[in-house]
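Residue-level structural notes
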Amino acid sequence: VSSAASDVYKRQALYSKNITGIEPHINENKEINLIKARHPLIDSSKVVPIDISLGKNYNSLIITGPNTGGKTVTLKTTRSFNINGCKWSSYSSK
């Protein structure tokens, strides 16, 4: 592992520890279950935790609401958990 990659892993681990992040559980069932998930780049005192469950009973999701209602943050939070695979702040990610 290169020095740069090692530094990235170390920074991710320190950040995860600072936000009391959890490790996402990857499954083969194409299911997403996030409980009290928060976007990692938004101040935790300002962001509202979200619950998302897809793949078991639902395979699509329609998000509606007013401007600045959290639609984009919800999508980006879900993407961060599932694409990045990093430890983010959530109660559960099974």
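As a starting point, this report considers the structure included with it.

Thresholds, definitions, all that
Residues numbered from 1 in each chain as written. Predicted model: local features only at pLDDT ≥ 70, side-chain atom pairs only at ≥ 80, totals over all residues. Heavy atoms only, no water. Salt bridge = Lys/Arg side-chain N within 4 Å of Asp/Glu carboxyl O. Helix = DSSP H or I, 4+ residues; strand = E, 2+ residues; numbered from the N terminus. Expected span 1.5 Å × (residues − 1). Buried < 20%, exposed > 50% of the residue type's maximum accessible area, 1.4 Å probe, protein only. Pairing = 2+ DSSP bridges. 1 Å grid on protein atoms, 1.4 Å probe; cavity = no way out; pocket = protein on both sides within 12 Å on 5 of 7 lines; lining within 4 Å. Points joined across faces, edges and corners; volume = space filled by probe spheres on them. Nonpolar A, V, L, I, M, F, W, Y, C, P; charged D, E, K, R; others polar. Contact = heavy atoms within 4.5 Å.

Here the focus is the pattern of salt bridges. For the coordinates displayed, the defined rule picks out one salt bridge. Residues R11 and D7 are paired through a salt bridge, measuring 3.8 Å at the closest nitrogen-oxygen approach. Taken as a pair, R11 and D7 lie in helix α1 (residues 3-18) at a separation of four residues, close to a single helical turn.

Now for α1. Because each turn of an α-helix spans 3.6 residues, side chains separated by three or four positions in sequence point in the same direction. Between its first and last C-alpha atoms α1 spans 22 Å; for 16 residues at 1.5 Å apiece the expected length is 22 Å, and the two agree. Positive phi shows up at T20, right after α1, with a value of about 50 degrees.

Quick look at the pairing of strand β2 (residues 50-54) now. Going residue by residue along β2, you find I50, I52 and L54 tucked away on one face and D51 and S53 left uncovered on the opposite face. Bridge count for strand β1 (residues 32-37) against β2 is four bridges, and the pairing is antiparallel. Looking at the pairing, I32 lines up with L54 of β2.

Another aspect to go through is the layout of surface pockets. If you add up the space inside the largest pocket, you get close to 180 Å³. Taken together, I42, K46, V47, V48, I50, T68, G69, G70, K71, T72, V73 and T74 form the lining of the largest pocket. For the lining of the largest pocket, the leading source of residues is helix α2 (residues 71-84), giving four residues. Residue composition of the lining of the largest pocket, grouped by class: five nonpolar, five polar and two charged.

Attention shifts here to the side chain of T74. In this fold, T74 is placed in helix α2. Under the relative-accessibility criterion, T74 is labelled buried at 12%. Residues in contact with T74, not counting those within four places in the same chain, are I50, I52 and I63.

Here we come to unusual backbone geometry. Positive phi outside glycine occurs at K36, with the angle close to 55 degrees. Along the chain, the position of K36 falls in strand β1.

Take it as geometry only, folks, not as evidence of what the structure does.
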